[in-house]
Amino acid sequence: MSIDLVALTVALITVSTPVLLAAIGELVVEKSGVLNLGVEGMMITGAVVGFVTAVETGSPTLAFLAGMGGGMALSLIFAVLTQLLLSNQVATGLALTLFGLGLSALLGVGYPGQTPPVVTDPFPAALAEILVVGPILFGHSLVTYLSVLLVAAVWYVLAFTRTGLILRAVGESHEAAHALGYKVVRIRILAILFGGACAGLGGAFLSVVRVQNWIEGMTAGAGWIALALVVFASWKPWRVLFGAYLFGGIAALQLRLQAAEIGVPVALLDASPYLVTIIVLVLISSDRSRAALNAPAALGRVFHASS
Amino acid sequence: MKSITKLLASAALATATLAGAATAQDDPFQVGFIYVGSVGDLGWTYEHDQGRLAVEEHFGDAVETVYLENVPEGADAERAITQMILGGADMVFTTSFGYMDPTNAVAAQFPDVYFEHATGYRRDTPNVSTYSARFYEGRAVIGHIAGHMTESNIIGYIGSYPIPEVIRGINSAFLHAREVNPDVEMRVVWAYTWFDPAAEADAAQALIDAGADVIMQHTDSTAPQTVAQEAGIISFGQASDMYQFAPAPRVASIIDNWAPYYIARVEAAMNGTWESMDTWDGIGPGMVEIGEMTDAIPEEVRASATEMMEAIAAGEYHPFTGPINRQDGTAWLAEGEVADDGTLAGMDFYVEGLTGEIPN
């Protein structure tokens, strides 16, 4: 009994998509110098809003847009509290997660077990039947392709455009950026909203495409994995993609190893993403210059224009 | 990961405090419930909450109930239970196996509070009772159906944790599938969670990729049903009816009916006749029910499954009746011998014919 590598690859891509979306959004937020620990709350809100919209309107497109809107709405609360009212980012982010979990439970009453519309894949089924590459390249939902494109876009914008440069400047030294005349608060609010939209889309993908149901607490910690992933990737977009697929791959692989009755220490495999994250954290903090290269210098620091 | 657990626990405590504050009135008898998942899971926790609602309806104003969802198993549960008691609970139902140690630890500190722990076996102090349902009786019936209906001869089984309750279910389902189909194989995937819809869906998909055309689950959400539906195979509702997936993939289900037990125990606690005991009821007393078998099951199979169900209910047939060997080939039950409850309660071995290994 061997493991079907094609099926494994297809599964790992699907498994990874929600976390990848949330993580790439959070990367942009952190690059702007803001630490938003509310990813889980924004994801679950996106999941419930997306699912409710899918059931009510029958349109997956509207559902994904609504999921993004839900995540954005929640992130806006965070943006107002931390950027305008200068609250502590860690505490506000944690509160946002708790709020999102509660709010989503409230919004979702009556929806568990409802049937959402079927999301059609962008490529015709015939393409997905091509041997090996078919299922891997053409067998996914539109959002999955979008997530990869988003990684490429974030990488390009951060590395090669003026917008990216400004965003990074704000994240590295908000005083300097402010002195240069950039609107630090405005830029950060936009970054936070982008992060919220990405997390919300990831949540909507989870409820509308992957599980096709609304169940309270269904994100089950995916938002926290997304946060760990940004650190694991040391704030580099392509590494986020690699990390998401690696984490997802481990999850998909260990289930298949079990199904194939190959004896492996499952608990160890399950814990490995966290172990790897810890190792990466130790490595990047072992060397001051390397840490300074990667982590945005102003991450989590409150900015006040008069100071 | 630790900080996540702590976070969740503090979230749970925050909810508990709110619930407690809202019901600080001490006059009615207060009954608390600790849930491992959310009441909206449409599975395990949903059915416990139905039991809670039945208690409320039965006693009216005389009883007040509070509950706490998504309480992590393990040491953190201790704080959640304590908080609930400090909030005024006179009786606490802890509804998952992993609450066993916390329940007994808290019970030792509050001798005047009644504790009811589901699916466990430790009753350290005289104020702790344990209760469970003989889910394996239901497993025997759905195993029988699965054995008849599988075409690939591979049955996929999503396990939560390798504990006796789950292993018993696997053995029971497998024995009865094998009985009607000697070629049947069972593949078990351990999800290491009771409730994580995405992980459960992934586990179902992994089993389907490995060739399974029947999925059984011992986890709490409906996610595996959705995957089964997409793959066009069959599945069984677990803990709750999951009838929204009928007539297929869900062709039958095992339903836990806790309401009569909860009402009886609350009544006993209120009138002072409560005592520490272990309750283990099955299909006969109605704690385990088999949900409607749909037309997707061939008629003669429905008939034979019903027959088995009735024989179990009447006490004429025990799902673990010999000859049964252990996985390593050594004899466990001789011809006609019936398993004793002690062995069943601590079951940590597979029966002969299962090919996997129980992780430790």
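The written sequence of each chain sets the order in which its residues are numbered from 1. Both sets of labels track the order of writing: A upward for chains, 1 upward for ligands. Totals for whole chains, interfaces and linings use every residue, but because this is a predicted model, local features are given only for residues with pLDDT of at least 70 and side-chain atom pairs only at 80 or more, for both listing and counting. Side-chain calculation: all heavy atoms of the structure are included, whereas hydrogens and water are not.

Undergrad: Please set out the overall build of chain A residue by residue, giving values where relevant.
TA: Secondary structure counts use DSSP, requiring at least four H or I residues in a row for a helix and at least two E residues in a row for a strand, with both numbered from the N terminus. Each helix and strand counted, chain A has 14 helices and zero strands in total. Moving toward the C terminus, one meets the helices and strands of chain A in the order α-α-α-α-α-α-α-α-α-α-α-α-α-α. Taking the principal axes of the C-alpha coordinates as reference, chain A spans close to 65 × 45 × 35 Å. Burial classes: relative accessible area under 20% of the type maximum marks a residue as buried, over 50% as exposed, and values in between as partly exposed (1.4 Å probe, protein chains only). Looking at chain A as a whole, 51% of its 307 residues are labelled buried. Here a residue-residue contact requires only that any non-hydrogen atoms of the pair lie within 4.5 Å. Here the analysis covers contacts within chain A between residues at least 6 apart in sequence; of these, 77% occur between residues at least 24 apart. Taking the 13 positively charged and 13 negatively charged side chains of chain A as two groups, their mean positions are separated by 18 Å. When charges are counted, neither His nor the chain ends are considered; positive counts come from Lys and Arg and negative counts from Asp and Glu. Lysine's charge is taken at NZ, arginine's at CZ, aspartate's at CG and glutamate's at CD.

Undergrad: Explain the pattern of salt bridges residue by residue, including any values.
TA: Any Lys or Arg side-chain nitrogen found within 4 Å of a carboxyl oxygen on Asp or Glu counts as a salt bridge. Evaluated as defined, the whole model comprises 14 salt bridges over all chains. Put simply, Asp49(B), Arg52(B) and Glu56(B) are held in one network by salt bridges that share partners.

Undergrad: Tell me about empty space enclosed by the protein, and name the residues and values.
TA: All names here are of chain B. We place a 1 Å grid over just the protein atoms. Points where a 1.4 Å probe fits but has no way out form a cavity, open points with protein on both sides within 12 Å along at least 5 of 7 lines form a pocket, and any residue with an atom within 4 Å of a point lines it. Grid points are joined across faces, edges and corners, and a volume is the space filled by probe spheres set on the points. In this structure the tally under the stated criterion is four cavities of 30 Å³ or more. Around the largest cavity, the lining residues are Val 36, Trp 44, Ser 96, Phe 97, Thr 119, Glu 165, Trp 194 and Asp 220. Partitioned by chemical class, the residues of the lining of the largest cavity number four nonpolar, two polar and two charged. Throughout, the edges of the domains are those of an automatic or database domain assignment. Two domains each donate at least three residues to the lining of the largest cavity, and these are domain 1 (2–133) and domain 2 (136–255 + 289–345). In this classification, Asp, Glu, Lys and Arg are treated as charged, Ala, Val, Leu, Ile, Met, Phe, Trp, Tyr, Cys and Pro as nonpolar, and every other residue, Gly included, as polar.

Undergrad: Kindly report on the packing of helix H7 (residues 142–160) of chain A against helix H10 (residues 184–210) of chain A, identifying the contributing residues and their values.
TA: Residue and element names in this part refer to chain A. For the pair H7 and H10, the least separation of the axes is 11 Å and the interaxial angle reads 155 degrees. By the angle class used here, H7 and H10 are roughly antiparallel. The way H7 lies across H10 gives a crossing that is left-handed. Counting all contacts with H7, which are made through Val 143, Thr 144, Leu 146, Leu 150 and Val 154, the residues of H10 involved are Phe 194, Cys 198, Leu 201 and Phe 205. Tallied by class, the residues present in the contact of H7 with H10 amount to eight nonpolar, one polar and no charged. The axes are straight lines fitted to the C-alpha atoms, using for helices just the contacting stretch, and the angles between their N-to-C directions are given from 0 to 180°. Working definition: roughly parallel below 35 degrees, roughly antiparallel above 145 degrees, roughly perpendicular at 65 to 115 degrees, and oblique for all remaining angles. Here is the rule for handedness: rotate from the far helix to the near one, and if that takes an anticlockwise turn smaller than a right angle the crossing is left-handed, while a clockwise turn gives right-handed.

Undergrad: Break down the interface of chain B and chain A for me, citing the residues and quoting the values.
TA: In this assembly, 37 residues from chain B lie in contact with 26 residues from chain A. Here the buried area means the combined drop in accessible surface, using a 1.4 Å probe, for two parts upon being joined, counting both sides. With both sides pooled, the region where chain B packs onto chain A buries about 2,600 Å², and carbon together with sulfur makes up 63% of that total. In the analysis that follows, any N or O atom pair within 3.5 Å is treated as a polar contact, provided that within protein one partner can donate a hydrogen and the other can accept it, and provided that, for residues neighboring in sequence, both atoms belong to side chains. The interface formed by chain B and chain A includes six residue pairs in polar contact (both at pLDDT 80 or more). Of all elements in the fold, only helix H1 (2–22), strand E7 (185–190), helix H7 (197–209) and helix H8 (223–231) of chain B reach the threshold of two or more residues within the side of chain B that touches chain A.

Undergrad: How would you sum up the sheet that holds strand E8 (residues 214–217) of chain B? Please name residues and give values.
TA: All names here are of chain B. Note on pairing: two strands pair once DSSP finds at least 2 bridges between them. One open sheet holds the six strands; their spatial order is E7-E6-E8-E9-E10-E12, and the pairing between them is mixed. In this open sheet, the two edge strands, each paired with only one partner strand, are E7 and strand E12 (288–291). Within this sheet the neighbouring strands show an average axis-to-axis angle of 15 degrees, counted without direction. In this sheet, E8 lies alongside strand E6 (residues 154–159) in parallel orientation, the contact comprising four bridges.

Undergrad: Residue-level account of unusual backbone geometry, with values.
TA: The step from Ala246(B) to Pro247(B) runs through a cis peptide bond, and the omega angle for that step is -5 degrees. Within the element layout of this structure, Pro247(B) appears in the loop between strand E9 (234–239) and strand E10 (250–256). Backbone torsion omega between Ala248(B) and Pro249(B) reads 10 degrees, so that peptide bond is classified as cis. With respect to the helices and strands, the residue Pro249(B) is situated in the loop between E9 and E10. Phi is positive for Leu86(A), which is not a glycine, with a value near 55 degrees. Relative to the assigned elements, Leu86(A) resides in the loop between helix H3 (60–84) and helix H4 (89–107).

Undergrad: Outline the packing of aromatic side chains, supporting the account with residue identities and numerical values.
TA: All names here are of chain B. Aromatic contacts are taken between Phe, Tyr and Trp rings whose centres are within 6.5 Å, Trp giving its six-membered ring; a plane angle under 30 degrees counts as stacked, one over 60 as edge-to-face, and the others as tilted. What the rule picks out here adds up to 26 aromatic pairs over all chains. Judged by centre distance (5.8 Å) and plane angle (65 degrees), the rings of Tyr 136 and Trp 280 are edge-to-face. Note that Tyr 136 is positioned in helix H5 (residues 135–149) and Trp 280 in strand E11 (residues 278–281), a separation of 144 residues in sequence. Given the relative accessible area of 2%, Tyr 136 is considered buried. Residue classification places Trp 280 among the buried residues on the basis of a relative accessible area of 13%. The structure contains a cluster of three or more aromatic residues connected by ring pairs, namely Phe 33, Tyr 35, Trp 44, Tyr 67, Phe 93, Tyr 131, Phe 135, Trp 258, Tyr 261 and Tyr 262. In this arrangement the basic side chain of Arg 326 is found over the ring face of Phe 349, its NZ or CZ atom lying 4.2 Å from the centre. Remark: a charge is flagged as sitting over a ring if the NZ atom of Lys or the CZ atom of Arg is within 6 Å of the ring centre and within 35 degrees of the ring normal.

Undergrad: Which residues make up the packing of H5(B) against helix H10 (residues 299–313) of chain B, and what are the values?
TA: All names here are of chain B. Taken N-terminus to C-terminus, the directions of H5 and H10 make an angle of 160 degrees; their axes are 10 Å apart at the nearest point. In terms of axis orientation, H5 runs roughly antiparallel to H10. Of the two elements, H5 crosses H10, and the hand of that crossing is right-handed. Between H5 and H10, the contacting residues are Glu 137, Ala 140, Val 141, His 144, Ile 145 and His 148 on the first element and Val 301, Ser 304, Ala 305, Met 308, Met 309 and Ile 312 on the second.

Undergrad: Describe the confidence of the model for chain A, and please don't skip the residues or the numbers.
TA: Confidence scores labelled pLDDT are given residue by residue by the predictor and lie between 0 and 100. Chain-level statistics for chain A give a pLDDT mean of 88 and a share of 96% at 70 or above. Within chain A, the lowest mean pLDDT, 61, falls on helix H14 (residues 288–294) of chain A, and the highest, 96, falls on H3(A).

Undergrad: So what about the environment of Met293(B)? Which residues, and what values?
TA: Residue and element names in this part refer to chain B. Positionally, Met 293 belongs in the loop between E12 and H10. Residues Met 293 and Ala 303 lie ten residues apart in sequence; the distance between their C-alpha atoms is 9.9 Å. Residues within four places of Met 293 in sequence aside, it is in contact with Val 141, Ile 145, Val 251, Ala 252, Arg 302, Ala 305, Thr 306 and Met 309.

Undergrad: Hey, could you go over the environment of Val185(A) for me, with residue numbers and the actual values?
TA: All names here are of chain A. Mapped onto the fold, Val 185 is located in helix H10. Exposure remark for Val 185: the relative accessible area of 23% places this residue in the partly exposed category. Sequence separation of Val 185 and Phe 303 is 118 residues, and the distance between their C-alpha atoms is 7.9 Å. Leaving out residues up to four positions away in the same chain, Val 185 has contacts with Gln 83, Leu 84 and Phe 303.

Undergrad: How would you summarise the layout of surface pockets if you had to cite specific residues and measurements?
TA: Of the voids in this model, the second largest pocket is the one considered here, and its volume is about 1,000 Å³. Forming the boundary of the second largest pocket are 38 residues, of which Val209(A), Arg210(A), Gln212(A), Gln205(B) and Glu230(B) lie nearest the centre. Elements supplying a minimum of two residues to the lining of the second largest pocket: helix H1 (5–31) and H10 of chain A together with H7 and H8 of chain B. The element best represented in the lining of the second largest pocket is H1(A), accounting for six residues. Residues that form the lining of the second largest pocket fall into these classes: 17 nonpolar, 14 polar and seven charged.

Undergrad: Would you mind going over the sheet that holds E11(B) in detail, with residue names and values included?
TA: Residue and element names in this part refer to chain B. The strand order across the open sheet built from six strands is E2-E1-E3-E4-E5-E11, with neighbouring strands paired in parallel fashion. Two strands close off the open sheet at either side, each with one partner strand: strand E2 (63–68) and E11. Ignoring strand direction, the axes of neighbouring strands in this sheet form an average angle of 15 degrees. Here strand E3 (residues 91–94) pairs with strand E4 (residues 114–118) via four bridges, running parallel. From the neighbouring strand, Thr 94 faces E4, where its bridge partner is His 117. Helix-sheet contacts for helix H2 (residues 44–59) involve strand E1 (29–34), E2, E4 and strand E5 (128–133), and the interaxial angle to E2 is about 165 degrees.

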